[in-house]
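Spelled out from the first residue to the last, the chains are:
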Amino acid sequence: MATITVKGGEALGGRVMVSGSKNAALPIIFASLLTKGESVIRRVPDIGDVRVATSIIESLGARCERSGDTLLINTERLTFRRPDDNLVSQIRASTYLLGASLARFGIAAIQSFGGCDFCKRPIDLHLLACRAFGADVRGDSIFSHGLRGASIRFPKVSVGATVNAILLAATASGKSRIENFAREPHIFNLIDYLRSAGADIQVLENVIIIHGRELHGGNVAIDGDPIEAGTYAALSAITGGNITVLGIDPASLESYLAPLLEAGAQLDTDDGITLRALPKEQTSIVAEPYPGFPTDLQPIAAPILACARGGTIEDRVWQGRFGYLAALAPFGVRYRAYPTGAEIFPSELRAADTIAPDLRGGAAALLIALAAVGESRIRSSEIIARGYENIEKKLRTLGAEIRIDN
Ligand code: EPU
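Structure report, in brief.

Rules used in this analysis
- Residues numbered from 1 in each chain as written.
- Predicted model: local features only at pLDDT ≥ 70, side-chain atom pairs only at ≥ 80, totals over all residues.
- Heavy atoms only, no water.
- Helix = DSSP H or I, 4+ residues; strand = E, 2+ residues; numbered from the N terminus.
- Rg over C-alpha atoms; globule rule 2.2 N^0.38 Å.
- Buried < 20%, exposed > 50% of the residue type's maximum accessible area, 1.4 Å probe, protein only.
- Contact = heavy atoms within 4.5 Å.
- Areas by Shrake-Rupley, 256 points an atom, 1.4 Å probe, with all protein chains shown as cover.
- Lys, Arg positive; Asp, Glu negative; His and termini not counted.
- Charge placed at Lys NZ, Arg CZ, Asp CG, Glu CD.
- Near = heavy atom within 4 Å.
- Polar contact = N/O pair within 3.5 Å; in protein donor to acceptor, adjacent residues only side chain to side chain.
- Nonpolar A, V, L, I, M, F, W, Y, C, P; charged D, E, K, R; others polar.

1. Re the overall build of the chain
Part 1 of the argument: Scanning the chain from terminus to terminus reveals 13 helices and 25 strands.
Part 2 of the argument: Over its C-alpha atoms the chain spans a radius of gyration of 21 Å, differing by no more than 12% from the 22 Å that the globule rule assigns to 406 residues.
Part 3 of the argument: Projected onto its principal axes, the C-alpha coordinates of the chain cover approximately 60 × 40 × 40 Å.
Part 4 of the argument: In the chain, which comprises 406 residues, the proportion classed as buried is 58%.
Part 5 of the argument: Put simply, 70% of the contacts in the chain that link residues at least 6 apart link residues at least 24 apart.
Part 6 of the argument: Carbon together with sulfur atoms contributes 47% to the accessible area of the chain, which is approximately 15,900 Å² in total.
Part 7 of the argument: Averaging the coordinates of the 42 positive side-chain charges in the chain and doing the same for the 44 negative ones gives two points 4 Å apart.

See below:
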């Protein structure tokens, strides 16, 4: 168990380069299982979730080699075996094995897929996709004797199920249509990778059309991580600092910044992104599937509201994703949680000790600790490193006093 100790209350400033997006890298790593050859994936963040995903595909015979931020994956010779439950249960992205393994081997194991434990995380839509492409779900395994192109319209938008449908369609025989799909930027990063590997994918306004093909190795660069970018932008505003976030297209943060700017926060985009001042009024946030406010940034926005004039947060993706607020309470964050959201009140912060409840909730606690005057500790902080590359080094460069004890 790791503990982060910080001395907070200082204005932080400087330039920080965001790493490649976790939620884009993970589906691409699993998608490499569909290809036969060597893939070159650039700007891959060196974070816990990526290391676990790499170990899972290595256990199926993939050869992975990291050189700087480039990951080379050779998938020439793979053999199906049930991946280690210990690895699979660590990350939610292991659900991508359903599509990838079925497509490559004609069999996939239904396991206890992991991920942050902030809500119930069903897999019914993933199984719906597997069945639509002609697979049979029997007990804890799924079988197919050749995937067939299919038309699927999801009853609800899901990032993970959209990824699996794309993976299933990419090498299935014939034409597939996927409707009511997730449109997060990382879905498009995955499509870029698959196209580079020879996939025939067209994205129209309301439908993705895929003609199945054999795939060879691909070559892609992962986009900058909007969640990491939003986290450092928040840190700038809540410490009254001047942090310039680099390596991200400001447009990818538009829905995050919009309610903050509407409430009077100040933004500078001349050179990177700098959130210069807190909202001057109450802020109202509603997290929704893309292009709505990203759910993964709502815990990151909570410290902004607490340090400014307060406001409300509603989450329509993960309705119960507010357990993290209890981890902010020791710092003096005042809130009232209700079933689908929370009201956050302007709060007088104080240094405190807490436990990181999950990845983004842990990052929120770290933000609050850096804003509160005095020495604070965040225990079980290894969960934060699952999604933030070099967080200790990056924060030090910005002037933070931080120590991580493992
Ligand atoms: N859902 C179902 N059935 C399913 C799948 C999902 O009902 O079979 C529901 C969920 O319960 C939820 C909604 O659909 O209410 C959306 O879930 P989604 O499938 O889109 O989420 P996910 O693919 O499991 C990814 C990210 C999450 C992020 C969500 C939403 C990865 C590895 N994870 O999860 O990221 O919150 O999309 O954008 O890409 C994080 O990075 O901290 C994180 C949790």
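2. Comments concerning the site of the ligand
Part 1 of the argument: Taken together, the neighbourhood of the ligand is formed by 23 residues, with Asp124, Ser158, Val159, Asp296 and Val317 sitting nearest.
Part 2 of the argument: In this structure, arginine 121 approaches the ligand through a side-chain N or O atom, which is 3.2 Å from an oxygen atom.
Part 3 of the argument: Between the ligand and the protein, one listed contact pairs an oxygen atom with a side-chain N or O atom of lysine 156 at 3.4 Å.
Part 4 of the argument: Taking 840 Å² as the accessible area of the ligand by itself, protein coverage stands at 93%.
Part 5 of the argument: Among the elements of the structure, helix H1 (22-31), helix H5 (124-132), helix H6 (159-171) and helix H12 (359-371) are those that each provide at least two residues to the shell around the ligand.
Part 6 of the argument: With 3 residues, H5 is the single largest residue contributor to the shell around the ligand.
Part 7 of the argument: Of the residues that constitute the shell around the ligand, the class distribution is 9 nonpolar, 5 polar and 9 charged.

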